[in-house]
Amino acid sequence: MNALNRDIKKLVNCIEKNEKERVNKDYWRLKFHLMPPVGWLNDPNGLCEFNGEYHIFYQYSPFDANGGIKFWGHYTSKDFINYKNNGAEVFADQPFDCHGAYSGSTIVHNGKMNIFYTGNVKHLGEYDYISSGRGHNTVLLVSEDGKTFTNKKLIMTNDDYPKNMTCHVRDPKVWMENNKFYMVQGARDKDDIGQVLLFESDDMINWNVINIIKSESKFGYMWECPDLFNVDGKNMLLISPQGIDAEDIKYNNIYQSGYYIIDGDYKTNNYKLRDFEELDRGFDFYAPQTFEDSKGRRILIGWMGLPDIEDLYSNPTTDYGWQHALTIPRELKIKNNKLIQNPVEEINMLRKDKKYIEINSNINEDAYDTFDMIVNLEKCDKLESTIKNCVNLSYDREKQLFTLSFTQGGYGRTNRSVSLDKLNNFRVLCDTSSLEIFINNGEEVFTTRFYPTKDNVGIRFSGENLKGSICIYEMEAYKIEN
Ligand code: FRU
């Protein structure tokens, strides 16, 4: 441990202690989502299972709810319900990461956690910070016990990346296959084309670029947070591209998050990316990461937020000194060549009281403050469903459109849609200030923050040729040990 590391840790502890009361006064503090103890959170990082525990790290700026220097915060859990908050654990305390310990991943190998991340360096001077002035270093941090995180080693600098890259090469995601290690990093080349660099290594220390994966025609200027994995026999590439223009109801957020199915061999040039599909249709979803757990599940966690949205919409939680959260963990599967996302089954353990309602006329009911609602539809030509007087979910079978729109409490959020042949069912996970809506068994997902008033717990349903049932469970909070 160096002195800087020791003293940053002290400072973080101090601000967490001093700000705790103010943060906890916020009604919109979430009940069953992971949040920064104070300050700002962005991407999930280093997701893994190690010695029987899930490790969930995240980009953490404790000093400012609007962002600042990035460290890694850390939660651990055995069951995605009971958590331990370990606070900040990976700091920006070396010359090669002095402007932030940026995003990365963990690979468990030989009984150790091997954490790869981007050490961000911003040089002082007249730079554009795209082709000059910025260092994006690949750093390896080995933790023997999942508790101490000080053994850092600089593995690659910008000089080790292909010559036509800008300074923007980051977010290493590492895995092992046939006794070799592989890493993908997101990149922006000098022609402003977003792409993924694929590296190979025998020892996790020496890495060579073996391929560059890109779309046939340009799709954005930068691809952030890549992830490459196999699920149900399909190779998938997840990316968070920047610089995509909206096309009707597609790509409406400032930056996107989605996936390609890869056909062929991505380790050679003999591969083809299918069409890019958005992972989530809501207002607040970005930079997801996946990992495989010991049960063989491919689990995804996303950032329930987006960068650079200040002029578009906001989160009033900043008044209480915090901002953003992680999505609940989602299990991934492939169905009809489409990625399906559903909450991990552990989430059901939070269910307590329940209400069951048949849909055969208009419904106007009280729900709960936080709930899990399952709507099964036998018939549905038209549906209007309002949650807590703020968010309207509507479906029109003729137009084949499912829409989420705000009537109030959106803080600048408006509407988002997806085209849908038929609405068979949907599930709404409603926390104090977030909604995650899983449609047709996880074929489509909408994630959004929303800010209802405290006394507002009503749900309303109406429609045409509408028949089905609603089951609403009250949700308990996560138990978090500090
Ligand atoms: C994505 C991202 C990453 C970067 C991190 C910095 O949201 O920009 O590319 O590593 O956030 O916090």
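Note that the structure is a prediction, hence the values are computed from the model and not measured.

Description of helix α1 (residues 3–24)
When the terminal C-alpha atoms of α1 are compared, their 31 Å separation across 22 residues agrees well with the 32 Å that a helix rising 1.5 Å per residue should span. In α1, a bend of some 40° at Asn18 exceeds every other bend along the element. Listing the buried residues of α1 in full gives Asn5, Ile8, Val12, Glu16 and Val23. Where α1 is buried, its residues meet β2 (53–61), β3 (71–77), β4 (82–90) and β20 (322–323).

Some thoughts on empty space enclosed by the protein
One pass over the full model with this rule turns up four cavities of 30 Å³ or more. Its volume calculated, the largest cavity comes out at about 130 Å³. Lining the largest cavity are 15 residues, and of these Asn253, Glu278, Asp280, Arg281 and Gly282 lie nearest its centre. Lining the second largest cavity are 13 residues; nearest its centre among them are Gly104, Asp171, Cys225, Pro226 and Gln289. For the lining of the second largest cavity, the secondary structure elements donating two or more residues are β1 (39–50), β5 (101–109), β9 (165–177), β13 (222–231) and β18 (286–292). Broken down by class, the residue content of the lining of the second largest cavity amounts to six nonpolar, four polar and three charged.

Re the site of the ligand
Lining the immediate environment of the ligand, one finds Asn42, Asp43, Gln59, Lys70, Tyr102, Ser103, Arg170, Asp171, Glu224, Cys225, Tyr286 and Trp303. Within the side chain of Gln59, one N or O atom sits 2.6 Å away from an oxygen atom of the ligand. Asp171 places a polar side-chain atom, nitrogen or oxygen, 2.5 Å from an oxygen atom of the ligand. Look at the ligand: alone it shows 320 Å² of surface, and the protein chains cover 92% of it. Among the elements of the structure, β1, β5, β9 and β13 are those that each provide at least two residues to the shell around the ligand. Looking at the shell around the ligand, its residues break down into four nonpolar, three polar and five charged.

The rules behind these values
- Residues numbered from 1 in each chain as written.
- Predicted model: local features only at pLDDT ≥ 70, side-chain atom pairs only at ≥ 80, totals over all residues.
- Heavy atoms only, no water.
- Helix = DSSP H or I, 4+ residues; strand = E, 2+ residues; numbered from the N terminus.
- Expected span 1.5 Å × (residues − 1).
- Bend = angle between axes of the 7 residues up to and from the residue.
- Buried < 20%, exposed > 50% of the residue type's maximum accessible area, 1.4 Å probe, protein only.
- Contact = heavy atoms within 4.5 Å.
- 1 Å grid on protein atoms, 1.4 Å probe; cavity = no way out; pocket = protein on both sides within 12 Å on 5 of 7 lines; lining within 4 Å.
- Points joined across faces, edges and corners; volume = space filled by probe spheres on them.
- Nonpolar A, V, L, I, M, F, W, Y, C, P; charged D, E, K, R; others polar.
- Near = heavy atom within 4 Å.
- Polar contact = N/O pair within 3.5 Å; in protein donor to acceptor, adjacent residues only side chain to side chain.
- Areas by Shrake-Rupley, 256 points an atom, 1.4 Å probe, with all protein chains shown as cover.

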